[in-house]
Amino acid sequence: MRQALLITIATFCGLFAEAEENKNMNIHTAMMEATCKISGTGSTGTGFIIGKPIAKEENRFLFTLVTAHHVLAGVKGDDVILTLRRRKDADHWERVDVPLRIRKGGKDLWLKHADVDLAAIHVVLPEGLLKNSLLPASLLLSDDNLREFEIGPGTELLCLGYPFGVEANVVGFPILRSGKIASYPLLPTKETKTFLFDFKVFQGNS
(Lines give C-alpha, C1' and ligand atoms only; values in the text may rest on other atoms or scores of the structure.)
Protein backbone atom coordinates (compact mmCIF):
# COMPACT_ATOMS: atom_id res chain seq x y z
CA MET A 1 0.00 0.00 0.00
CA ARG A 2 1.37 3.36 -0.96
CA GLN A 3 1.28 6.20 1.46
CA ALA A 4 2.40 9.80 1.53
CA LEU A 5 5.28 10.75 3.77
CA LEU A 6 5.57 14.32 4.97
CA ILE A 7 9.24 15.20 4.74
CA THR A 8 11.36 18.29 5.08
CA ILE A 9 12.79 19.94 1.98
CA ALA A 10 16.40 19.25 2.98
CA THR A 11 16.40 15.59 4.01
CA PHE A 12 17.20 12.41 2.10
CA CYS A 13 15.53 12.66 -1.29
CA GLY A 14 18.38 13.48 -3.64
CA LEU A 15 17.40 17.14 -4.09
CA PHE A 16 20.94 18.34 -4.69
CA ALA A 17 22.44 20.79 -7.17
CA GLU A 18 25.97 20.09 -8.33
CA ALA A 19 27.99 23.14 -7.35
CA GLU A 20 30.70 24.13 -9.82
CA GLU A 21 33.48 22.95 -7.55
CA ASN A 22 31.80 19.53 -7.27
CA LYS A 23 30.91 19.04 -10.92
CA ASN A 24 32.92 15.80 -11.10
CA MET A 25 31.19 14.28 -8.07
CA ASN A 26 28.87 11.34 -8.71
CA ILE A 27 26.08 12.51 -6.43
CA HIS A 28 24.38 9.10 -6.20
CA THR A 29 27.58 7.38 -5.06
CA ALA A 30 28.48 10.26 -2.73
CA MET A 31 25.05 10.09 -1.07
CA MET A 32 25.40 6.32 -0.63
CA GLU A 33 28.70 6.86 1.14
CA ALA A 34 27.50 9.79 3.27
CA THR A 35 24.24 8.17 4.44
CA CYS A 36 24.38 6.37 7.77
CA LYS A 37 22.20 4.22 9.96
CA ILE A 38 21.39 5.65 13.39
CA SER A 39 20.84 3.00 16.06
CA GLY A 40 19.77 3.76 19.60
CA THR A 41 17.71 2.17 22.34
CA GLY A 42 14.08 2.62 21.28
CA SER A 43 14.80 4.34 17.96
CA THR A 44 16.43 3.51 14.61
CA GLY A 45 16.63 5.86 11.64
CA THR A 46 18.60 7.32 8.77
CA GLY A 47 20.92 10.31 8.58
CA PHE A 48 23.49 11.82 6.29
CA ILE A 49 26.78 13.61 6.90
CA ILE A 50 27.71 16.97 5.42
CA GLY A 51 30.95 18.78 6.11
CA LYS A 52 33.31 21.63 5.46
CA PRO A 53 37.07 22.13 5.80
CA ILE A 54 38.33 23.71 9.00
CA ALA A 55 40.02 27.00 8.17
CA LYS A 56 43.84 26.92 8.29
CA GLU A 57 43.87 23.25 9.30
CA GLU A 58 44.87 21.05 6.37
CA ASN A 59 42.90 17.81 5.88
CA ARG A 60 40.63 18.51 8.86
CA PHE A 61 36.87 18.87 8.52
CA LEU A 62 33.84 19.85 10.57
CA PHE A 63 31.17 17.15 10.14
CA THR A 64 27.46 17.54 10.82
CA LEU A 65 24.88 14.74 11.02
CA VAL A 66 21.46 15.67 9.60
CA THR A 67 18.42 13.54 10.45
CA ALA A 68 14.78 13.73 11.51
CA HIS A 69 14.31 15.22 14.97
CA HIS A 70 12.03 12.39 16.09
CA VAL A 71 14.78 9.82 15.45
CA LEU A 72 17.04 11.39 18.09
CA ALA A 73 14.18 12.40 20.39
CA GLY A 74 12.95 8.79 20.45
CA VAL A 75 16.25 7.41 21.77
CA LYS A 76 16.14 6.27 25.39
CA GLY A 77 19.56 7.12 26.72
CA ASP A 78 22.46 9.39 25.88
CA ASP A 79 24.15 7.62 22.98
CA VAL A 80 23.58 6.24 19.48
CA ILE A 81 25.71 4.31 16.99
CA LEU A 82 26.27 5.65 13.47
CA THR A 83 26.97 2.93 10.90
CA LEU A 84 29.36 4.19 8.21
CA ARG A 85 32.00 2.62 5.96
CA ARG A 86 35.71 3.07 5.25
CA ARG A 87 37.17 2.18 1.86
CA LYS A 88 39.89 -0.49 2.18
CA ASP A 89 40.90 -0.49 -1.48
CA ALA A 90 39.32 0.21 -4.88
CA ASP A 91 36.78 -2.61 -4.52
CA HIS A 92 36.39 -3.29 -0.81
CA TRP A 93 34.84 -1.58 2.21
CA GLU A 94 34.85 -2.16 5.95
CA ARG A 95 32.04 -1.35 8.34
CA VAL A 96 32.74 1.37 10.91
CA ASP A 97 30.35 1.87 13.82
CA VAL A 98 30.83 5.33 15.31
CA PRO A 99 29.52 6.10 18.82
CA LEU A 100 27.84 9.49 19.20
CA ARG A 101 26.76 11.20 22.42
CA ILE A 102 23.42 12.95 21.81
CA ARG A 103 22.59 13.99 25.39
CA LYS A 104 24.55 15.13 28.40
CA GLY A 105 23.08 15.58 31.86
CA GLY A 106 19.61 15.16 30.42
CA LYS A 107 20.15 17.96 27.89
CA ASP A 108 19.87 17.35 24.14
CA LEU A 109 23.09 18.11 22.28
CA TRP A 110 21.50 18.48 18.85
CA LEU A 111 19.78 21.49 17.32
CA LYS A 112 16.17 21.20 16.13
CA HIS A 113 14.69 23.24 13.33
CA ALA A 114 12.09 25.62 14.72
CA ASP A 115 9.29 24.60 12.34
CA VAL A 116 9.96 21.14 10.88
CA ASP A 117 11.04 17.65 11.97
CA LEU A 118 14.74 18.23 11.29
CA ALA A 119 17.78 17.95 13.55
CA ALA A 120 21.54 18.48 13.22
CA ILE A 121 24.46 17.63 15.47
CA HIS A 122 28.22 17.90 15.08
CA VAL A 123 30.06 14.58 14.97
CA VAL A 124 33.72 13.58 15.11
CA LEU A 125 34.54 10.85 12.59
CA PRO A 126 37.48 8.44 12.60
CA GLU A 127 40.28 8.93 10.10
CA GLY A 128 39.49 7.87 6.53
CA LEU A 129 35.70 8.14 6.62
CA LEU A 130 34.14 10.14 3.74
CA LYS A 131 37.65 10.95 2.56
CA ASN A 132 36.72 11.29 -1.11
CA SER A 133 32.97 11.92 -0.93
CA LEU A 134 32.42 14.75 1.50
CA LEU A 135 29.08 16.45 0.87
CA PRO A 136 29.27 20.24 1.17
CA ALA A 137 26.18 22.22 2.19
CA SER A 138 26.38 23.94 -1.21
CA LEU A 139 24.81 20.83 -2.75
CA LEU A 140 21.46 21.52 -1.08
CA LEU A 141 18.95 23.00 -3.50
CA SER A 142 17.74 26.57 -3.25
CA ASP A 143 14.37 27.85 -4.46
CA ASP A 144 16.10 29.06 -7.62
CA ASN A 145 17.41 25.53 -8.25
CA LEU A 146 13.92 24.07 -7.81
CA ARG A 147 12.64 26.50 -10.45
CA GLU A 148 15.59 25.89 -12.78
CA PHE A 149 15.21 22.11 -12.70
CA GLU A 150 11.38 22.34 -12.79
CA ILE A 151 11.03 20.13 -9.72
CA GLY A 152 7.37 19.77 -8.74
CA PRO A 153 4.42 17.37 -8.57
CA GLY A 154 5.22 14.07 -10.30
CA THR A 155 8.99 14.57 -10.18
CA GLU A 156 10.61 11.24 -9.27
CA LEU A 157 13.07 11.38 -6.38
CA LEU A 158 15.57 8.85 -5.10
CA CYS A 159 15.52 8.13 -1.38
CA LEU A 160 18.14 6.38 0.76
CA GLY A 161 17.25 4.71 4.04
CA TYR A 162 17.11 1.68 6.31
CA PRO A 163 13.50 0.36 6.19
CA PHE A 164 12.84 -1.65 9.36
CA GLY A 165 16.54 -1.09 10.09
CA VAL A 166 17.53 -3.35 7.18
CA GLU A 167 20.91 -2.71 5.55
CA ALA A 168 21.77 -3.38 1.91
CA ASN A 169 24.81 -5.51 2.84
CA VAL A 170 27.11 -6.54 5.67
CA VAL A 171 29.11 -3.29 5.57
CA GLY A 172 25.97 -1.29 6.25
CA PHE A 173 25.19 0.67 3.11
CA PRO A 174 21.62 2.04 2.84
CA ILE A 175 18.90 0.88 0.46
CA LEU A 176 18.04 3.10 -2.50
CA ARG A 177 14.35 3.45 -3.34
CA SER A 178 12.22 5.95 -5.24
CA GLY A 179 8.91 7.80 -5.27
CA LYS A 180 7.29 10.97 -6.59
CA ILE A 181 6.50 14.39 -5.23
CA ALA A 182 2.81 14.26 -4.39
CA SER A 183 1.88 17.81 -3.38
CA TYR A 184 1.86 21.38 -4.67
CA PRO A 185 3.13 24.10 -4.39
CA LEU A 186 6.70 23.60 -3.22
CA LEU A 187 7.64 27.28 -3.39
CA PRO A 188 8.52 29.41 -1.58
CA THR A 189 10.12 26.84 0.72
CA LYS A 190 10.31 29.30 3.64
CA GLU A 191 6.52 29.23 3.68
CA THR A 192 5.67 25.69 2.54
CA LYS A 193 8.51 24.09 4.60
CA THR A 194 7.41 20.54 3.68
CA PHE A 195 6.01 18.56 0.77
CA LEU A 196 4.44 15.14 0.30
CA PHE A 197 6.59 12.29 -1.04
CA ASP A 198 4.71 9.20 -2.22
CA PHE A 199 6.49 5.91 -1.57
CA LYS A 200 6.25 2.89 0.73
CA VAL A 201 7.36 4.10 4.11
CA PHE A 202 8.64 1.86 6.89
CA GLN A 203 10.08 2.49 10.31
CA GLY A 204 13.75 3.31 9.84
CA ASN A 205 13.25 5.41 6.70
CA SER A 206 13.14 8.62 8.77
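Keep in mind that what you see is a predicted model, and the values were worked out from it rather than measured.

Parameters at a glance
- Residues numbered from 1 in each chain as written.
- Predicted model: local features only at pLDDT ≥ 70, side-chain atom pairs only at ≥ 80, totals over all residues.
- Heavy atoms only, no water.
- Core = buried A, V, L, I, M, F, W, Y, C linked by side-chain atoms within 4.5 Å.
- Buried < 20%, exposed > 50% of the residue type's maximum accessible area, 1.4 Å probe, protein only.
- Helix = DSSP H or I, 4+ residues; strand = E, 2+ residues; numbered from the N terminus.
- Contact = heavy atoms within 4.5 Å.
- Phe/Tyr/Trp six-rings, centres within 6.5 Å; stacked < 30°, edge-to-face > 60°.
- Lys NZ or Arg CZ within 6 Å of the ring centre and 35° of its normal.
- Patch = residues over 30% accessible without salt bridge, like charges linked within 9 Å, V, L, I, M, F, W, Y side chains within 5 Å.
- Areas by Shrake-Rupley, 256 points an atom, 1.4 Å probe, with all protein chains shown as cover.
- Salt bridge = Lys/Arg side-chain N within 4 Å of Asp/Glu carboxyl O.

By size, the foremost hydrophobic cluster in this structure holds 36 residues, and its most contacted members are Leu65, Leu82 and Leu125. For this core, the secondary structure elements donating two or more residues are helix H1 (27-34), strand E2 (35-40), strand E3 (43-53), strand E4 (61-67), helix H2 (69-73), strand E5 (79-87), strand E6 (93-101) and strand E10 (119-123). Top contributing element to this core by residue count: H1, with four residues. Beyond its immediate chain neighbours, meaning those up to four positions away, leucine 82 contacts Cys36, Lys37, Ile38, Leu65, Val96, Asp97, Val98, Leu100 and Val123. Within the second largest apolar cluster, 11 residues are counted, among which are Leu141, Leu157, Ile181 and Phe195.

Two aromatic rings are characterised by how far apart their centres lie and by the angle between their planes. Summed over all chains, the structure comprises three aromatic pairs. Ring plane angle 40 degrees and centroid distance 4.8 Å describe the contact between phenylalanine 164 and phenylalanine 202, whose orientation is recorded as tilted. Of this pair, phenylalanine 164 sits in the loop between strand E11 (156-161) and strand E12 (175-181) while phenylalanine 202 sits in the segment after strand E13 (194-199), placing them 38 residues apart in sequence. Taking the centre distance of 5.0 Å and the plane angle of 35 degrees together, the rings of phenylalanine 197 and phenylalanine 199 count as tilted. Judged by relative accessible area, which is 0%, phenylalanine 197 ranks as buried. Over the aromatic face of phenylalanine 173 sits the side chain of arginine 85, whose NZ or CZ is 4.3 Å from the ring centroid.

A word on the environment of valine 124. The topology assignment puts valine 124 in the loop between E10 and helix H3 (143-148). Accessibility expressed as a relative area gives 73% for valine 124, which makes it exposed. Considering only alpha carbons, one finds valine 124 and proline 99, 25 residues apart in sequence, at a separation of 9.3 Å.

A cluster of nonpolar side chains, Phe164, Val166 and Phe202, forms an exposed patch at the surface whose accessible area comes to about 290 Å². For phenylalanine 202, a relative accessible area of 31% puts it in the partly exposed group.

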